[in-house]
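For reference, the chains in residue letters:
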There are 2 protein chains.
Amino acid sequence: MKHPLQPLIDHFSKLPGVGPKSAQRLAFHVLSMPVSDVQSFATVLRHTRENTRYCERCFHITTEQYCDVCTSVKRDNGICCVVAHPRDVMAIERTSSYQGVYHVLGGLLSPLDGMHPQSLRIPELIARVRQAAFREIVLAISPTIEGEATALYLGDVLASYGIRLSKLAYGLPVGADMDYTDELTLQRALMGRTLMENTQ
Amino acid sequence: MKHPLQPLIDHFSKLPGVGPKSAQRLAFHVLSMPVSDVQSFATVLRHTRENTRYCERCFHITTEQYCDVCTSVKRDNGICCVVAHPRDVMAIERTSSYQGVYHVLGGLLSPLDGMHPQSLRIPELIARVRQAAFREIVLAISPTIEGEATALYLGDVLASYGIRLSKLAYGLPVGADMDYTDELTLQRALMGRTLMENTQ
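A short tour of the structure in this document, coming up.

### Remarks on the sheet that holds strand β3 (residues 76-83) of chain B
Residue and element names in this part refer to chain B. Strand order across the open sheet formed by four strands is β4-β3-β5-β6, with parallel pairing between neighbours. At either margin of the open sheet sits one strand with a lone partner, and together these are β4 (100-104) and β6 (164-167). Averaged over all pairs of adjacent strands, the angle between strand axes in this sheet comes to 25 degrees, irrespective of strand direction. The strands touched by helix α5 (residues 86-95) are β3 and β4; relative to β4, the strand with the most contacts, the crossing angle is about 160 degrees. Running over the sheet, helix α6 (residues 122-131) touches β3, β4 and β5 (136-139) and is turned about 150 degrees from β4.

Spelled out as structure tokens, the structure:
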């Protein structure tokens, strides 16, 4: 006898980070939700998957041909921020401190996992660099092994176009305890030290 | 500009134990799922909520008037296991070592949280006890403060019906390290010690 909740538990179990226990808990929670909320959830779930695609210019997520950033007249088209994933665009947008456009690579170089330059949107980036008048390209890529390799590769590839290339600053996270910071981060924070405003 | 993923992230955020970061991760995962899987998930979500109700006899979850256990001809109607939640029925069913029927209280006594005997299905349990020919009632209730209070109350209420009342054994969890077991559990394991098979 299959339990009536089992199909829903099975669906929840397939989500990342949701084990059988959590899936059961979520399924029971759904039973306690108002019917209208569940209906709305189900509709949004299906519509989001069906109607979302990648921006044809920057490969961020969108429901149209081009994303909100690419179609905005308020953005500075002279500066392009290169990121690995659409979630990185969302993280930078949350800071409200970047007014340029983006280019989403769709991953990072990792030859062992089959991620070569051709698997990423690097050809598309080069095509944009050739067409657009970028003053600066910001590599906003996580400082992991794959991230460093990707940044290094992009640095080589983009060097010949005479555009200013920059990358995110390394250093102590805001609020971090220096004592608990790993040596590499501390070393980079030291190497990248900046002059305080009122001193020479 | 609202992000196209935001409505789905909002829905995931409302689930228990899902924070904003996990909700975003789940939403991105949905984008990577096959469309047919997402459609099936959405359908199951809505149908489960719309078609699930409580068994009119034991208050377990079901899609019909009575649940699978209550309608089964293989179950022993002379023994009734009283549990707090439908998930407890599922936990006991997974052991495959219980052949009786159930009664789901829908919670535990907790006067401070407004859970009185009338808020639970205790009147319905007494009505069943009066009608059905139960030989034994097993109180399968978690040994928490509220659980103990509920078991005590049920013990009082059911005492006059001349039915054998039992409760789950206390003791060491299988695989537990005695050294790490709390004093109360160890005390109860000692008090409830059982004779070994080949000894007197």
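### Some points on the packing of helix α1 (residues 6-13) of chain A against helix α3 (residues 35-51) of chain B
Relative orientation of the contacting elements α1 of chain A and α3 of chain B amounts to 140 degrees, with a least axis distance of 9 Å. Accordingly, the angle class assigned to the pair α1 of chain A and α3 of chain B is oblique. Considering the relative orientation of α1 of chain A and α3 of chain B, their crossing is left-handed. Note on element contacts: α3 of chain B touches α1 of chain A through Asp37, Ser40, Phe41, Val44, Leu45 and Thr48 of chain B, opposite Pro7, Leu8, His11 and Phe12 of chain A. Here the residues of the contact of α1 of chain A with α3 of chain B are counted per class, giving six nonpolar, three polar and one charged.

### Comments concerning the environment of Ile92 of chain A
Within the fold, Ile92 of chain A resides in helix α5 (residues 86-95). Leaving out residues up to four positions away in the same chain, Ile92 of chain A has contacts with Cys81, Val83, Tyr98, Tyr102 and Ala140 of chain A.

### With respect to the interface of chain B and chain A
Residue-level contacts link 47 residues of chain B with 47 residues of chain A. Taken together, the connections running from chain B to chain A amount to zero salt bridges. The interface formed by chain B and chain A holds 10 residue pairs in polar contact (both at pLDDT 80 or more) in total. Those elements giving two or more residues to the side of chain B that touches chain A turn out to be α1 (6-13), α2 (20-32), α3, β2 (61-62) and α5 of chain B. Looking at the side of chain B that touches chain A, the element that brings in the most residues is α3 of chain B, giving 13 residues. Grouping the constituent residues of the side of chain B that touches chain A by class yields 24 nonpolar, 12 polar and 11 charged.

### A closer look at the sheet that holds strand β5 (residues 136-139) of chain A
Residue and element names in this part refer to chain A. Read from one edge to the other, the open sheet built from four strands follows the order β4-β3-β5-β6, with strand pairing classed as parallel. One side of each edge strand has no neighbouring strand; the edge strands of this open sheet are β4 (100-104) and β6 (164-167). Strand-to-strand twist across the sheet, computed as the mean angle between neighbouring axes with direction ignored, equals 25 degrees. Note: strand β3 (residues 76-83) against β5, four bridges, orientation parallel. Following the sheet pairing, Val82 is matched in β5 by Leu139.

### Structural notes on the pattern of salt bridges
Residues and elements named next belong to chain B. This model, assessed by the stated rule, comprises nine salt bridges over all chains. A salt bridge links Glu50 to Arg46; its shortest N-O distance comes to 3.6 Å. Of this pair, Glu50 and Arg46 both sit in helix α3, four residues apart, which is roughly one turn of that helix. Using a relative accessible area of 35% as the deciding quantity, one classes Glu50 as partly exposed. For Arg46, a relative accessible area of 26% puts it in the partly exposed group.

Parameters and conventions
- Residues numbered from 1 in each chain as written.
- Chains lettered and ligands numbered in written order.
- Predicted model: local features only at pLDDT ≥ 70, side-chain atom pairs only at ≥ 80, totals over all residues.
- Heavy atoms only, no water.
- Pairing = 2+ DSSP bridges.
- Helix = DSSP H or I, 4+ residues; strand = E, 2+ residues; numbered from the N terminus.
- Axes fitted to C-alpha atoms, helices over the stretch in contact; angles between N-to-C directions.
- Contact = heavy atoms within 4.5 Å.
- Parallel < 35°, antiparallel > 145°, perpendicular 65-115°, else oblique.
- Left-handed = near helix turned anticlockwise from the far one by under 90°.
- Nonpolar A, V, L, I, M, F, W, Y, C, P; charged D, E, K, R; others polar.
- Salt bridge = Lys/Arg side-chain N within 4 Å of Asp/Glu carboxyl O.
- Polar contact = N/O pair within 3.5 Å; in protein donor to acceptor, adjacent residues only side chain to side chain.
- Buried < 20%, exposed > 50% of the residue type's maximum accessible area, 1.4 Å probe, protein only.

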